[in-house]
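# Survey of secondary and tertiary structure
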Amino acid sequence: MQEDGKIKLGISIGDLNGIGCEVVLKTFEDSRMLDFCTPIIFASNKTLSFQQKELGIDIKYNGVQEASNAIDGKVNVVNVWKEIPDVKFGEATEEGGQYALKSLRAAVDALKNGDIDALVTAPINKNNIQTEDFKFPGHTDFLAQELEGESLMFMVAEGLKVGLLTDHVAVKDVSSAINPILIRSKVRTIEKSLRMDFGVRAPKVALLGINPHSGDNGVIGKEDDEVLKPIIKEMSDAGHLVFGPYSADSFFGSDNYKNFDAILAAYHDQGLIPFKTLSFGKGVNFTAGLSKVRTSPDHGTAYEIAGKGRADHSSFKEAVFMALSIFKNRQEYQELTENPLQRQRVRR
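Notes on the structure in this doc start here. Small disclaimer: the values here were computed from a predicted structure and weren't measured. (Residues numbered from 1 in each chain as written. Predicted model: local features only at pLDDT ≥ 70, side-chain atom pairs only at ≥ 80, totals over all residues. Heavy atoms only, no water.)

The tally for this structure, following the rule as stated, stands at 14 salt bridges. Two residues, Asp-86 and Lys-88, come together in a salt bridge whose shortest N-O distance is 4.0 Å. Given the relative accessible area of 43%, Asp-86 is considered partly exposed. Here Lys-88 falls in the partly exposed class, since its relative accessible area comes to 37%. (Salt bridge = Lys/Arg side-chain N within 4 Å of Asp/Glu carboxyl O. Buried < 20%, exposed > 50% of the residue type's maximum accessible area, 1.4 Å probe, protein only.)

Printed below as a string of structure tokens:
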């Protein structure tokens, strides 16, 4: 953080053939955004100049070699590479994946070193980014390796927060991946995030059933009765405000989700389909449980509209504001928990 309290926000550029650059540039085309943070984009001057020309976007930026040299009041670009990549909008190329990874690694290194305070990642293609030293199904697993803590894929929007017991796991492997240790870990992570990142004092968490109708008392699978229910009872008896398992098919349509601070879904689509239906364009993917703050928009590379200037940057903008808010909430939480006298004053 800078001396004036302005947050230094790092941005990885994502797949150059997708809409990553477009949503980043459109977000900071509004100069008022510079009142909230000092943006630091990990790419290159030449790359952004090319993207601006192709997309008809005009913003001024300050090229730097290190994030620590970023200037407040400007859009800063760390020159991670000097060459000009071959951009092919709408295509999943090996080169597109290579430069997405270069940007991501440089941004994460800066985050670990304290040169930036928080990170917002533009969308990557989970296939073409794979290399011998990057074998992860997405950002979340990579960041879990690089940063301390227990990671949780946490989809966040106004009035709706959805975490995942399993994220990028094949459906056929979901039930075998869910066990008591995983459930306890994810519940504790989501509770800690709600307190530390969102200021919820007594988090109420709902768990969705693994099987249709939560198994219908064993008729449609036994995992809910044999795995979920005992752990929910155990944690509830220990004082956790944990409830369920709820049948996923009616949980959101009945507005039951509004009775809880967060929902923990068993697998990716069970949680993300209703989340994106209810909040698409305003949702944020937040990696909770880590030592550093990382957010991203709730969409992918959108190759089908890449390079056409049609991308909606609303979700990326929300991801920026969410990262800034969480970073500040963590600072306040740390101050309160480190100062018992101040904590007592707040309780009064």
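What follows concerns the pairing of strand β2 (residues 37-43). The buried fraction of β2 amounts to 7 of the 7 residues, a majority that puts the element mostly inside the structure. Judged from the 6 bridges that link them, strand β1 (residues 7-12) and β2 form a sheet pairing that is parallel. From the neighbouring strand, Ile-11 faces β2, where its bridge partner is Ile-41. Note that the unit made of β1, helix α1 (residues 20-29) and β2 has a crossover that is right-handed. (Helix = DSSP H or I, 4+ residues; strand = E, 2+ residues; numbered from the N terminus. Pairing = 2+ DSSP bridges. Right-handed = clockwise from strand over helix to strand, strands pointing away.)

Moving on: unusual backbone geometry. A cis amide bond, omega -5°, links Gly-244 with the succeeding residue Pro-245. With respect to the secondary-structure elements, Pro-245 resides in strand β9 (residues 241-246). Even without glycine at this site, His-213 takes up a positive phi of about 55°. Following the sequence through the fold, His-213 ends up in the loop between β8 (204-208) and α7 (223-237). Assessed through its relative accessible area of 41%, His-213 is described here as partly exposed. The backbone of Ala-302 sits at a positive phi, close to 50°, despite the residue not being glycine.

On their own, these measurements won't tell you what the molecule is for.
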